Amino acid sequence: MLYPANWHPGAPGTRHARGRRICACVLTLILLVLGRIYDVSKGRTYYAPGKAYHNFCLGTDHSRAYRSANFELDSTDDLDGLSPGDCLEIQRWADLYVDKTRAGEYRFLGLHIGRFYDRRGEKTAAFVAYEDCVKRGRALIQKNVAAAGAALGSAGGGGVGG
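The paragraphs below set out a description of the structure included in this document. Everything quoted here is computed from the prediction, not taken from an experiment.

Where charged atoms from two side chains of opposite charge approach closely, those side chains can pair. Summed over the entire model, instances satisfying the criterion amount to ten salt bridges. One salt bridge connects Arg92 with Glu89, and the closest N-O pair in it is separated by 2.7 Å. Residue Arg92 and its partner Glu89 are both found in helix H2 (residues 84–102); the two are separated by three residues, about one turn of the helix. Note on Arg92: relative accessible area 47%, which makes it partly exposed. Each of Arg64, Arg67, Asp74 and Asp86 takes part in salt bridges that share partners, so that together they form one network.

With that settled, the discussion passes to the packing of aromatic side chains. Following the criterion strictly, the structure yields 17 aromatic pairs and no others. Relative to Tyr97, the ring of Tyr66 has its centre 6.1 Å away and its plane inclined at 80°; by these criteria the two rings are edge-to-face. Of the two residues, Tyr66 sits in the loop between helix H1 (44–47) and H2 while Tyr97 sits in helix H2, which places them 31 residues apart along the sequence. Side by side, Tyr66 and Tyr97 carry an identical accessibility label, which is buried. Ring pairs connect the aromatic residues Tyr38, Tyr46, Tyr47, Tyr53, Phe56, Tyr66, Phe71, Trp93, Tyr97, Tyr106 and Phe108, which therefore count as one cluster.

So, about the environment of His112. Following the sequence through the fold, His112 ends up in strand E6 (residues 107–112). Assessed through its relative accessible area of 13%, His112 is described here as buried.

Look at Leu34: it is not a glycine, yet its phi comes out positive at around 55°. When you line up the elements, Leu34 lands in the loop between strand E4 (30–33) and strand E5 (36–39). The class of Leu34 is buried, set by a relative accessible area of 4%. Positive phi, normally seen in glycine, also occurs at Ala69, with a value near 60°. Mapped onto the fold, Ala69 is located in the loop between H1 and H2.

Each value, and the rule that gives it
Residues numbered from 1 in each chain as written. Predicted model: local features only at pLDDT ≥ 70, side-chain atom pairs only at ≥ 80, totals over all residues. Heavy atoms only, no water. Salt bridge = Lys/Arg side-chain N within 4 Å of Asp/Glu carboxyl O. Helix = DSSP H or I, 4+ residues; strand = E, 2+ residues; numbered from the N terminus. Buried < 20%, exposed > 50% of the residue type's maximum accessible area, 1.4 Å probe, protein only. Phe/Tyr/Trp six-rings, centres within 6.5 Å; stacked < 30°, edge-to-face > 60°.

Structure follows, in structure tokens:
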């Protein structure tokens, strides 16, 4: 399902009971990361108001904040200028939500039309640039692991237990 760029999970609704107007609290905790929308209500321990990660459930995409948890500076979905390491950290979180969805803990609701997905549900140039950043980060890790392995091999360590 695609949701428009100005979509918001909404303010608490109201209902009538015995002639009185009663606020019905929003029971669904909605989280957006990289343009993907999740219901993380089963994670109330983390995402409910007053909990450590509640700022991620304010109805907007705060993807940049996944690298720092700094909502004063990084409360945006703009990922321009991030290092490959930053992109890998954001991807680590995005992968967590995919894994928890597969495990039945969270529920994938759809794509948010905006910075990362267009009206057809296709990736935007911003998302492709982010994916390239993640690829660069993974390549750097592989290069560093290979270099560390070569250094250990040339030092005669031979690996664990030596």
